[in-house]
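So you can see what is in the structure, the chains are spelled out below.
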Amino acid sequence: MTYDYLKTLKATHQTLRLLCSDNFAMSVSFFHTVFIEGRRTVTAQGELVRLLEDYLFSLNERQAGAFPKTAQEYLNDFAGSGYLRKYYAEADEPLYELTPQTQKALEWIESLQKREFVGSRSRFNLVFDLLEELEFETELDDASRIAKLEEQKREIDAQIEAIRSKTALRFDESRIREQYMQVEEIARNLRYDFAEIEYNFRALNTRAMETIALRDDAKADVLGSIFAIEDQIRESDQGKSFFAFWQLLTDLRRSERLSELIEKLYGLESVRRFDPQKRLKNLKYDLLESGEKIVTVTGRLVEQLRRFIDDRVWIENRRILQLCRDIEKQALELRGTMPGSRTFTRLPGAKVALASIADKTLYRLRTETGFKPRIEPKSREIDLESFLHQCYVDEAELRRRVETLLLQKPQCTLAEVVGHFGADKGIAELIGYLTVAKQSASARIDPERFERIDVVDFDGNAKTVRVPRTVFTRK
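Residues numbered from 1 in each chain as written. Predicted model: local features only at pLDDT ≥ 70, side-chain atom pairs only at ≥ 80, totals over all residues. Heavy atoms only, no water.

**With respect to the overall build of the protein chain**
Scanning the protein chain from terminus to terminus reveals 17 helices and 6 strands. Out of the 475 residues in the protein chain, the part that is buried amounts to 28%. (Helix = DSSP H or I, 4+ residues; strand = E, 2+ residues; numbered from the N terminus. Buried < 20%, exposed > 50% of the residue type's maximum accessible area, 1.4 Å probe, protein only.)

**Details of the pairing of strand 3 (residues 95-98)**
Two faces make up the sheet, and in a regular strand the side chains alternate between them. Of the two faces of strand 3, the one lined by L95 and E97 and the one lined by Y96 and L98 are each fully buried. Sheet topology note: the strand 1 (residues 43-44)/strand 3 ladder contains 2 bridges and is antiparallel. Looking at the pairing, A44 lines up with L95 of strand 3. Of the strand pairs in this sheet, strand 2 (residues 84-87) and strand 3 are connected by 4 bridges, and their pairing is antiparallel. Each bridged residue has a counterpart across the sheet, and for R85 the counterpart in strand 3 is E97. (Pairing = 2+ DSSP bridges.)

**Brief notes about the sheet that holds strand 6 (residues 462-473)**
On the basis of which strands lie adjacent, the open sheet formed by 3 strands has the order 4-6-5 and antiparallel pairing. Both edges of this open sheet fall to strand 4 (411-413) and strand 5 (443-456), since each of them pairs with a single strand only. The average undirected angle you get between the axes of adjacent strands in this sheet is 30 degrees. Along the sheet, helix 16 (residues 414-421) contacts strand 4, strand 5 and strand 6; its crossing angle with strand 4, the most-contacted strand, is approximately 80 degrees. (Axes fitted to C-alpha atoms, helices over the stretch in contact; angles between N-to-C directions. Contact = heavy atoms within 4.5 Å.)

**Here's the deal with the packing of aromatic side chains**
Counting across every chain of the model gives 4 aromatic pairs. Ring plane angle 75 degrees and centroid distance 5.1 Å describe the contact between F31 and F78, whose orientation is recorded as edge-to-face. Separated by 47 residues along the polypeptide, F31 in helix 3 (residues 24-37) and F78 in helix 5 (residues 71-80) bring together distant segments of the chain. When the centroid spacing of 6.3 Å and the interplanar angle of 75 degrees are considered together, the rings of F67 and Y74 count as edge-to-face. Taking relative accessible area as the criterion, F67 reaches 16% and is therefore assigned buried. Owing to a relative accessible area of 4%, Y74 belongs among the buried residues under this scheme. Here the aromatic residues F30, F31, Y55 and F78 are joined through ring pairs into a cluster of three or more. The ring of Y74 carries the charged tip of K69 above its face, separated from the ring centre by 5.9 Å. The lysine or arginine in question, R466, covers the ring of F450, its NZ or CZ lying 3.9 Å from the ring centre. (Phe/Tyr/Trp six-rings, centres within 6.5 Å; stacked < 30°, edge-to-face > 60°. Lys NZ or Arg CZ within 6 Å of the ring centre and 35° of its normal.)

**Things to note about the nonpolar core**
Grouped burial of nonpolar side chains is what soluble globular proteins tend to show. Counting 25 residues, the largest nonpolar core has M26, F30, F31, L48, L52, F78 and L84 as the members making the most contacts within it. Of all the secondary-structure elements, those providing two or more residues to this core are helix 3, helix 4 (45-62), helix 5, strand 3 and helix 6 (100-112). Here the element with the most residues in this core is helix 4; it accounts for 7 residues. Filtering out sequence-adjacent residues up to four positions away, L84 remains in contact with F31, F35, L48, L75, F78, A79, Y96, E97, L98 and T99. Core analysis: the next-biggest nonpolar cluster, separate from the first, contains 20 residues, L430, A443, V455 and V465 among them. (Core = buried A, V, L, I, M, F, W, Y, C linked by side-chain atoms within 4.5 Å.)

**Points about the pattern of salt bridges**
Throughout the structure, instances matching the rule amount to 11 salt bridges. Where R401 meets E429, a salt bridge forms, and the shortest distance between an N and an O atom there is 2.6 Å. Here the residue R401 occupies a position in helix 15 (residues 395-406), and E429 occupies one in helix 17 (residues 427-439), the gap between them amounting to 28 residues. Judged by relative accessible area, R401 falls into the buried class, the value being 15%. (Salt bridge = Lys/Arg side-chain N within 4 Å of Asp/Glu carboxyl O.)

**Observations concerning helix 15**
The terminal C-alpha atoms of helix 15, which comprises 12 residues, lie 17 Å apart, in line with the 16 Å expected from a rise of 1.5 Å per residue. Turning to helix 15, its buried residues are L398, R401, V402, L405 and L406. Down the axis of helix 15, the buried set is contained in an arc of 135 degrees. They therefore lie on one face. Those residues of helix 15 hidden inside the fold are in contact with strand 4, helix 16, helix 17 and strand 6. Looking at where helix 15 begins, the residue whose side-chain oxygen comes 3.2 Å from the main-chain nitrogen of A396 is D394. (Expected span 1.5 Å × (residues − 1). Arc of directions from axis to C-beta. Polar contact = N/O pair within 3.5 Å; in protein donor to acceptor, adjacent residues only side chain to side chain.)

**Some details on the side chain of T470**
Relative to the helices and strands, T470 is located in strand 6. Exposure remark for T470: the relative accessible area of 0% places this residue in the buried category. A polar contact of 3.1 Å, which involves the side chain of T470, links it to the backbone oxygen of P468. With sequence-adjacent residues up to four places away left out, T470 is seen in contact with C412, T413, L414, L434, A437, R444, I445 and E451.

**Digging into the sheet that holds strand 3**
The antiparallel open sheet is built from 3 strands, whose spatial order is 1-3-2. Each edge of the open sheet carries a strand with a single partner, namely strand 1 and strand 2.

**Notes on the environment of D172**
Residue placement: D172 occurs in the loop between helix 8 (142-164) and helix 9 (173-214). Judged by its relative accessible area of 46%, D172 falls in the partly exposed class. In this structure, the C-alpha to C-alpha distance between D172 and S270, residues 98 residues apart in sequence, is 9.6 Å.

**Things to note about the packing of helix 3 against helix 4**
Viewed as axis vectors pointing N to C, helix 3 and helix 4 meet at an angle of 130 degrees, and their least axial separation amounts to 11 Å. Considering their axes alone, helix 3 and helix 4 lie oblique with respect to each other. Classified by chirality, the crossing of helix 4 by helix 3 is right-handed. Taken together, the residues of helix 4 that come into contact with helix 3 (itself represented by M26, S29, F30, T33, V34 and F35) are L48, L51, L52, Y55, L56 and L59. For the contact of helix 3 with helix 4, the class distribution of residues is 10 nonpolar, 2 polar and no charged. (Parallel < 35°, antiparallel > 145°, perpendicular 65-115°, else oblique. Left-handed = near helix turned anticlockwise from the far one by under 90°. Nonpolar A, V, L, I, M, F, W, Y, C, P; charged D, E, K, R; others polar.)

Right under this line is the structure:
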């Protein structure tokens, strides 16, 4: 950290610019009130202007003329300075969300607040467990790993015996609050990390769009570059970690277990007194919302590929049509001018076709065909059974089945849907379910994991189909 580096960092980094701005107290307090305390991830412009007007009114009442601009002007300043990200989605009204740099400022300011106590014991235990796990998975040989597991087994048996003999001590209120503070801090940092991951993925997605816009190579070369960018997103350490986390979060068993644990957490009297606002009550849904935004960003790369292919095909067809019209124009211009010599043009690569006597086949006798004046009727059997194999898969009915099952649980897999409603149209119905999942924003198809589903075809033969694991999530 040299003097020049820190001086440049203060002048260019958005987090430090926010902390050094003239309206630091107003802007940061407003961001914390709306996005952190209000638990908002994305806010429409109309609602944000209304909230900022009320906030400025309360501040100007305490100190007249402290903030003379309108709420919309301050909002434009926030977006122009990089404190808020402004973008358009499906509606015409713009949306606003905190940038990762602004969230870093909020996280740092929250760390400055004085806490009642610091849970050093739980933090040390977490560090110790991580180091032991790293040693277990990297350095120990098989014999040492087995010995380590045997030791853990003896410790577990000792704990069971202590519980049976009533000598095991439960957590006291201080230990419960310490554990809760550790969980809350990790969950808060996880939400902040999601914002930075989304920012990094969005930057890679921007690179892909620039590649599409600037390169004029063949389609294969451009597609190869874009697929390399997508592989870079998924194969990076950050990408592997996020998609592994997203797979765990969308797992039905773990998701239900997380909801159960949070519900039991707030069943403790000491936790209810310590956190009456229940800040972790919607933790699972907050993580799903933040993670879904990242998955959507990565999905836009596929949409850019589709648009690129459509645009390139349209451009090539237009070029071919233009060449045909140019040929027609030249033909009309030259139709009145006859060529002066026999060799008025040359075709590159043209060759003379040689007809050799040896290429001719030998003479073959023709067979006489007898003619019958009367047509004899002949019966012919037509196989109509193939017409019974024609079927129509109603995708609207498949969506209703999925929505009906999602009324009973927050998410379900394709195997659970087929197990509950059956698949009387065989593989065609499974393809219909995959089409429904592909078109839905609340479903996910995992190409790396597969599940086997038993179906019966039209002939009554039982078959086992191996399909990618598909998870439908309640909207």
